[in-house]
Amino acid sequence: MTVIKLIFSAFLGIVCFLAPWFAIYPSFCHFFVGPIMGEDQMMKNFGIMLFGTPLIAIAGGVIGWRTGRKLLKKRNEKKLNEMLENE
């Protein structure tokens, strides 16, 4: 069950990182590439999408996984302390 929770937290991290990325992507490309006048600008935009999206997704997944691990560890320690106090 813990693995499922960690996978879900990693997935949630990916979603939380990619949603803002897709929201700011057009402004980001316009700032770095400028207006699209031809195929060169379109290829630069594609390059930003091709390399930026997986990097953002990996970062979100790693941060989500680590956050989930930290939260589960705190929760398990709390449960263990409660069990020891009840004995």
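Residues numbered from 1 in each chain as written. Predicted model: local features only at pLDDT ≥ 70, side-chain atom pairs only at ≥ 80, totals over all residues. Heavy atoms only, no water.

J.: Could you give me a rundown of the side chain of glutamine 41, with the residues and numbers involved?
T.: When you line up the elements, glutamine 41 lands in helix α2 (residues 39-86). The contact partners of glutamine 41, leaving out residues within four places of it in the chain, are Val33, Pro35 and Ile36. (Helix = DSSP H or I, 4+ residues; strand = E, 2+ residues; numbered from the N terminus. Contact = heavy atoms within 4.5 Å.)

J.: Got a sec to walk through the packing of aromatic side chains? Specific residues and values, please.
T.: Scanning the entire structure with this criterion turns up four aromatic pairs. Ring geometry for phenylalanine 31 versus phenylalanine 32: centroids 5.0 Å apart, planes at 90 degrees, classification edge-to-face. Each member of the pair phenylalanine 31 and phenylalanine 32 is classed as exposed. Put simply, the rings of Trp21, Tyr25, Phe28, Phe31 and Phe32 touch in pairs and so form one group of aromatic residues. (Phe/Tyr/Trp six-rings, centres within 6.5 Å; stacked < 30°, edge-to-face > 60°. Buried < 20%, exposed > 50% of the residue type's maximum accessible area, 1.4 Å probe, protein only.)

J.: Outline helix α1 (residues 2-33), supporting the account with residue identities and numerical values.
T.: Spanning 32 residues, α1 covers 44 Å between terminal C-alpha atoms, matching the ideal 46 Å at 1.5 Å per step. Considered for burial, the residues of α1 that qualify are Leu6, Ser9, Ala10, Gly13, Leu18, Trp21, Tyr25, Cys29 and Val33. Contacts from the buried residues of α1 go to α2. Of the residues trailing α1, glycine 34 is marked for its positive phi of about 95 degrees. (Expected span 1.5 Å × (residues − 1).)

J.: Explain the environment of methionine 49 to me, and be specific about the residues and the numbers.
T.: Among the secondary structure elements, methionine 49 is positioned in helix α2. On the accessibility criterion, methionine 49 (28% relative accessible area) is partly exposed. Methionine 49 sits 27 residues away from phenylalanine 22 along the chain, and the two C-alpha atoms are 9.4 Å apart. Beyond its immediate chain neighbours, meaning those up to four positions away, methionine 49 contacts Trp21, Phe22, Tyr25 and Pro54.

J.: Can you explain a nonpolar patch on the surface? Please cite residues and give values.
T.: On the surface, Met43, Phe46, Leu50, Phe51 and Leu55 cluster together into a nonpolar patch covering about 560 Å² of accessible area. For phenylalanine 51, the location among the structural elements is in helix α2. (Patch = residues over 30% accessible without salt bridge, like charges linked within 9 Å, V, L, I, M, F, W, Y side chains within 5 Å. Areas by Shrake-Rupley, 256 points an atom, 1.4 Å probe, with all protein chains shown as cover. Salt bridge = Lys/Arg side-chain N within 4 Å of Asp/Glu carboxyl O.)

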